[in-house]
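Residues per chain, in single letters:
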There are 2 protein chains.
Amino acid sequence: MRYELYYWPGIQGRGEFVRLALEEAGAAYTDVAREDDSSLMRFLEGDGVAYPPFAPPLLKAGKLLIGQTANILLFLGDRHNLAPSSQAGRLWAHQLQLTLSDLVAEVHNGHHPISGGLYYEDQKREAAKSTKALREERLPKYLAYFARVLAQSGSGWLTGRALSYADLSLFQIVAGLRYAFPRRMKRLEADYPGLTTLYDRAAGRPRIAGYLASPRRLPFSTEGIFRHYPELDH
Amino acid sequence: MRYELYYWPGIQGRGEFVRLALEEAGAAYTDVAREDDSSLMRFLEGDGVAYPPFAPPLLKAGKLLIGQTANILLFLGDRHNLAPSSQAGRLWAHQLQLTLSDLVAEVHNGHHPISGGLYYEDQKREAAKSTKALREERLPKYLAYFARVLAQSGSGWLTGRALSYADLSLFQIVAGLRYAFPRRMKRLEADYPGLTTLYDRAAGRPRIAGYLASPRRLPFSTEGIFRHYPELDH
């Protein structure tokens, strides 16, 4: 069975967390909306769809149409051995993923504090304030937390001896934060070297390394969740 | 086995979504941190905890300590028949719950657009702008979506013939929005009568009705997620 991934064309966005899991699994998939989002829009309009989604990413797996990034990863984790198999371990991986989702939402709110429906340029003054709180309080709190989980695990991965989808998502977040806040992240990573080690180990996985070097990996940009605006990086 | 729920004392907050599921299930639980959060703080400090949480609510179920609201509900849904049992149905209920979680986060950002670490009074000007976008764009979009899912289901519940934890969460969100935005919600509910019907049906379940009339149900307040500031309700 070949998966179909539906996400907004042209950006990594939340779709990237799903792509990384599919790539690590060596799963066959088509990035359907990569160039043309008409099929994605049909799902979002919901006509004739049993389980109409609110927003992408969506994963079509045979007859299943699954929405919400963390929900898709819950499904893929079980199918492709990208999460612990015990009940406690599965819940733990998902708990970490949901915390990573919260961090991603806060990063987006940094540059769009007033509304996702307005341009950054229309909320720059407010974004300077919200990103200050993100840089100085929230990022250190989240990164310290994940560094502590890594240290406690002792394996270099978050959830036990093997890599899970949560590790891939944390890799992606470190990558995104390095792009968005290069100056701040240099200082933060010095405080949490476990995160740098996780980044390097994930990036060095053969399938992930192959993916990152391929044209399937879209570049970061100021259209996505992680945005580099020099005025927001101190 | 008696569950232990840990949440910030004195507010409904995200803990309320868990409380409603426990109440509907008729499960025995202790609301441990209701008056004293020292035990909650020990978990958050993480010493000697196998799976250290980032934030409450937390549910202790025997040896399991589960964090993240939607993750707790995923667990309780299986245990107490508060979600469909098929794989597709379980994923669908969880997908809806994660979309409800996104809505809750956006409601919180309405009155705290700059930082959760600042008082509302310190971001009032920005909150007026962010709540305008919430009232005029985001709430109608979310409420129209859930009304459509209810209409498509045809049973009066979101996920099929029986009530699920997602229905209880949608009930709570309607209750919270009525408290926070009474004027706006009167108009919005007129557009989406399916939501009013769901509210009434959920509130009329014997165990939920008993809970809502009990002292276990904390009042809404301007300390929680749903806050009534008259200047934000048009």
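It should be noted that the structure appears before, not after, this text.
Participant: Sorry if this is basic, but what is going on with the interface of chain A and chain B here?
Facilitator: How big an interface is tends to be stated in terms of the accessible area lost upon association of its parts. Contacts between the two partners involve 33 residues from chain A, matched on the other side by 33 residues from chain B. The residue makeup of the side of chain A that touches chain B, split by class, is 17 nonpolar, twelve polar and four charged.

Participant: Help me understand helix α3 (residues 69-79) of chain A, please; the structure alone is not making it clear to me.
Facilitator: For an α-helix the count is 3.6 residues per turn, leaving residues at separations of three or four pointing the same way. Of all eleven residues in α3(A), eight are buried, a share of seventy percent or more. Those residues of α3(A) lying buried are A:Thr69, A:Ala70, A:Asn71, A:Ile72, A:Leu73, A:Leu74, A:Leu76 and A:Gly77. The elements touched by buried residues of α3(A) are α1 (15-25), β3 (58-61), β4 (64-67), α4 (87-111) and α6 (165-180) of chain A together with α4 (87-111) of chain B. Within two residues after α3(A), A:Asn81 carries a phi angle of roughly 60 degrees, on the positive side.

Participant: Looking at this structure, how should I read the packing of α4(A) against helix α5 (residues 124-153) of chain A?
Facilitator: Each pair of packed helices can be described by the angle between their axes along with the distance between the axes. All names here are of chain A. Packing of α4 against α5 brings their axes to within 8 Å, and their N-to-C directions diverge by 160 degrees. Between α4 and α5, the interaxial angle falls into the category roughly antiparallel. For the pair α4 and α5, the sense of crossing is left-handed. Where α4 abuts α5, its residues Leu96, Leu103, Glu106, Val107, Asn109, Gly110 and His111 lie against Ala127, Ser130, Thr131, Leu134, Arg138, Tyr142 and Val149. Class assignment of the residues belonging to the contact of α4 with α5 gives a composition of seven nonpolar, five polar and two charged.

Participant: I would appreciate a short explanation of the environment of A:Asp78 in the present structure.
Facilitator: Here A:Asp78 lies in helix α3. Expressed as a C-alpha distance, the spacing of A:Asp78 and A:Arg90, which sit twelve residues apart in the sequence, is 8.3 Å.

Participant: What exactly am I supposed to notice about the environment of B:Arg19 here?
Facilitator: Position of B:Arg19 relative to the elements: it lies in helix α1 (residues 15-25). Along the sequence, B:Arg19 and B:Tyr29 sit ten residues apart, while their C-alpha atoms lie 9.0 Å from each other.

Participant: Help me understand the sheet that holds strand β1 (residues 3-6) of chain A in this model?
Facilitator: Backbone hydrogen bonds are what pair the strands of a sheet, in a parallel or an antiparallel way. All names here are of chain A. Strands sit in the order β2-β1-β3-β4 across an open sheet of four strands; the sheet is mixed. This sheet does not close on itself; its edge strands, each paired only once, are β2 (29-31) and β4. When the angles between neighbouring strand axes are averaged without regard to direction, this sheet yields 20 degrees. Alignment of β1 against β2, held across three bridges, turns out to be parallel. By the bridge assignment, leucine 5 is partnered in β2 with aspartate 31. Running over the sheet, α1 touches β1, β2 and β3 and is turned about 160 degrees from β1.

Conventions used here
- Residues numbered from 1 in each chain as written.
- Chains lettered and ligands numbered in written order.
- Predicted model: local features only at pLDDT ≥ 70, side-chain atom pairs only at ≥ 80, totals over all residues.
- Contact = placed C-beta atoms within 7 Å.
- Nonpolar A, V, L, I, M, F, W, Y, C, P; charged D, E, K, R; others polar.
- Buried ≥ 20, exposed ≤ 12 C-beta atoms within 10 Å, placed from the backbone.
- Helix = DSSP H or I, 4+ residues; strand = E, 2+ residues; numbered from the N terminus.
- Axes fitted to C-alpha atoms, helices over the stretch in contact; angles between N-to-C directions.
- Parallel < 35°, antiparallel > 145°, perpendicular 65-115°, else oblique.
- Left-handed = near helix turned anticlockwise from the far one by under 90°.
- Pairing = 2+ DSSP bridges.

These figures capture arrangement, not role.
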